[in-house]
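Here are the chains, one letter per residue:
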Amino acid sequence: MRLDKFLKVSRLIKRRTVANEACDAGRVTINGKPAKASAKVKVGDIIEISFGNRQVAVEVLDLQETTKKEEAKELFRYI
């Protein structure tokens, strides 16, 4: 699954365009390496996102094309 789509489906970032912009600005990494929006995400990957002065790190637990709001938190876990 593409990184920008995962960020939207998991609701870590609300919109896919915002996820694209964050990736282009270099604020998203996968396993410690800067990632483009088109980067492939696998189960077990560690994604780090910089929101201003806040850093969020999550581990990918599951990949789904769509999900309900309540189930979105089951796709990842905070580190």
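Everything below is about the structure shown above.
Heads up: these notes are all about the structure in this document. (Residues numbered from 1 in each chain as written. Predicted model: local features only at pLDDT ≥ 70, side-chain atom pairs only at ≥ 80, totals over all residues. Heavy atoms only, no water.)

Overview of the packing of aromatic side chains
In this structure the tally under the stated criterion is one aromatic pair. Measuring from centroid to centroid gives 5.3 Å for Phe76 and Tyr78, while their planes differ by 90°, and the two rings are edge-to-face. A residue is classified by how much of its surface remains accessible, and Phe76, at 7% relative accessible area, is buried. Under the relative-accessibility criterion, Tyr78 is labelled exposed at 55%. (Phe/Tyr/Trp six-rings, centres within 6.5 Å; stacked < 30°, edge-to-face > 60°. Buried < 20%, exposed > 50% of the residue type's maximum accessible area, 1.4 Å probe, protein only.)

Structural notes on the sheet that holds strand 2 (residues 33-34)
On the basis of which strands lie adjacent, the open sheet formed by five strands has the order 2-1-3-4-5 and antiparallel pairing. In this open sheet, the two edge strands, each paired with only one partner strand, are strand 2 and strand 5 (76-78). Two elements, strand 4 (residues 54-60) and strand 5, share three bridges in a ladder whose sense is antiparallel. The residue bridging Glu59 from the neighbouring strand is Arg77, located in strand 5. (Pairing = 2+ DSSP bridges. Helix = DSSP H or I, 4+ residues; strand = E, 2+ residues; numbered from the N terminus.)

Focus on helix 2 (residues 16-24)
Among all positions in helix 2, only Ala19, Ala22 and Cys23 are buried. Axial view of helix 2: buried residues confined to an arc of 100°, hence all on one face. Residues of helix 2 that are exposed and point over 90 degrees away from its buried face: Glu21 and Asp24. Residues of helix 2 that are buried make contact with helix 1 (3-9) and strand 1 (28-30). Looking one or two residues past helix 2, Gly26 carries a phi angle of roughly 80°, positive in sign. (Arc of directions from axis to C-beta. Contact = heavy atoms within 4.5 Å.)

Concerning the pairing of strand 4
Counting buried positions over the seven residues of strand 4 gives five, a clear majority of the element. As consecutive antiparallel partners, strand 3 (residues 46-51) and strand 4 are separated by two residues, and within that stretch Gly52 has a phi angle of approximately 60°, a positive value.

Regarding the pattern of salt bridges
In total, this model carries five salt bridges according to the counting rule given. Across the pair Asp4 and Arg2 runs a salt bridge, and its minimum N-O distance is 3.1 Å. For Asp4, a relative accessible area of 1% translates into the label buried. Salt-bridge contacts for Lys5 lead to Glu65; the nearest nitrogen and oxygen are separated by 2.8 Å. Of this pair, Lys5 sits in helix 1 while Glu65 sits in the loop between strand 4 and strand 5; the two residues are 60 residues apart in sequence, bridging distant segments of the chain. (Salt bridge = Lys/Arg side-chain N within 4 Å of Asp/Glu carboxyl O.)

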